[in-house]
Amino acid sequence: MTQHDFGEKAEEYNSKTRKNVPVWQSPKYKMARDKAIEMIDSGKYNLSDGDFWILMNLTKSGKMMYSGLIISHNGCLKINDNLNEDMKFKPGCVTLDKDGYKNSLVYTYLSPEQHIFEVGEVSQSNCKNEYPYAMAFKRLFDRVVLKLSKLAYSGVYSDSESDEFKQQLDIPAEKPPQTINIAAVNTLKAKLEEYNTVCGRNATEQEISKFYKCSNFNEFDYTNFKNCITMLDGSIKKVGADKK
């Protein structure tokens, strides 16, 4: 049987106490992990362990709870590409509402044949980048695909909700671990993907890592992580400003 690694640990770092704390795996996380493994092992969707990482929350008792799994946008694209034609995302089912609740921007997906109704929305409180239409559509697409593939019903979320998940990376302000955790690694990969898309580049993980004297993102410490995110975000915003 194939061994899978989503980055599980017996302890996780708590930046508030600056100590490692025990991990508690919630039933929801275990269900999400089992479903993800099932889909990976099936080979049908071309998914790998690297398409997923763990969603973590601190409990009142001070433990770090594994509360679910996050799948990358690339993972959702892979799934949709391999779904049966009648179950793929249908752009014709999408409508746009520019005047949503509290000035939010909302894409709506309605497909009676697929029995799917979903929305993808952005507002100033849940979207920090300069591409609200792209982000709203990305959220809609990922949510629909996760429902069509049944992953949504097993505690798997999309990284298109990353503005909400960033707070759960638990990056310490002082005395960081030697290297970043898998959640931060995947955040870097997602940011690099956004950078290449927006800036029309084809930069690789190895090229970026070499600048920080590392061979890949797994070797980054948290200082490199923060500096790299800042650099990529700066380039993305500059291109956005130039296009205006």
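Note that the coordinates shown come from a computational prediction; the quantities given were computed from them, not determined experimentally. (Residues numbered from 1 in each chain as written. Predicted model: local features only at pLDDT ≥ 70, side-chain atom pairs only at ≥ 80, totals over all residues. Heavy atoms only, no water.)

Each helix and strand counted, the protein chain has 7 helices and 8 strands in total. Its C-alpha atoms give the protein chain a radius of gyration of 19 Å, within 12% of the compact-globule value 18 Å for 244 residues. For the protein chain, the C-alpha atoms occupy an extent of roughly 50 × 50 × 35 Å along the three principal directions. Evaluated residue by residue, the protein chain yields a buried proportion of 47% over its 244 residues. Residue pairs at least 24 apart in sequence account for 59% of intrachain contacts in the protein chain once pairs closer than 6 positions are excluded. (Helix = DSSP H or I, 4+ residues; strand = E, 2+ residues; numbered from the N terminus. Rg over C-alpha atoms; globule rule 2.2 N^0.38 Å. Buried < 20%, exposed > 50% of the residue type's maximum accessible area, 1.4 Å probe, protein only. Contact = heavy atoms within 4.5 Å.)

Glancing now at the confidence of the model for the protein chain. Confidence in the prediction of the protein chain, expressed as mean pLDDT, is 86, and 91% of residues score 70 or more. Mean pLDDT in the protein chain bottoms out at helix H4 (residues 162-165), which sits at 60, and peaks at helix H2 (residues 73-82), which reaches 95. (pLDDT = per-residue confidence, 0-100.)

So, on to the side chain of asparagine 196. Examined against the element boundaries, asparagine 196 turns out to sit in helix H5 (residues 182-199). What asparagine 196 contacts, discounting residues up to four positions off in sequence, is Arg201, Asn202 and Ala203.

Attention now moves to the state of the cysteines. Applying the stated criterion across every chain, the model contains 0 disulfides. Between cysteine 93, a cysteine without a disulfide, and cysteine 76, which holds the nearest cysteine sulfur, the sulfur-to-sulfur distance is 18 Å. The exposure class of cysteine 93 is buried, given its relative accessible area of 16%. Cysteine cysteine 199 is unpaired, with the sulfur of cysteine 228 as its nearest cysteine sulfur at 13 Å. (Disulfide = S-S within 2.5 Å.)

Turning next to H5. The terminal C-alpha atoms of H5, which comprises 18 residues, lie 25 Å apart, in line with the 26 Å expected from a rise of 1.5 Å per residue. In the stretch just after H5, glycine 200 is the one whose phi turns positive, near 65°. (Expected span 1.5 Å × (residues − 1).)

Residue placement: tyrosine 66 occurs in strand E4 (residues 64-71). A residue is classified by how much of its surface remains accessible, and tyrosine 66, at 0% relative accessible area, is buried. Sequence separation between tyrosine 66 and isoleucine 37 is 29 residues; the distance between their C-alpha atoms is 16 Å. If we ignore the near neighbours within four places in the chain, the residues touching tyrosine 66 are Gly7, Glu8, Lys9, Glu12, Val23, Trp24, Gln25, Ser26, Tyr29, Ile54, Leu55 and Met56. A distance of 3.0 Å separates a polar atom in the side chain of tyrosine 66 from the backbone nitrogen of lysine 9. (Polar contact = N/O pair within 3.5 Å; in protein donor to acceptor, adjacent residues only side chain to side chain.)

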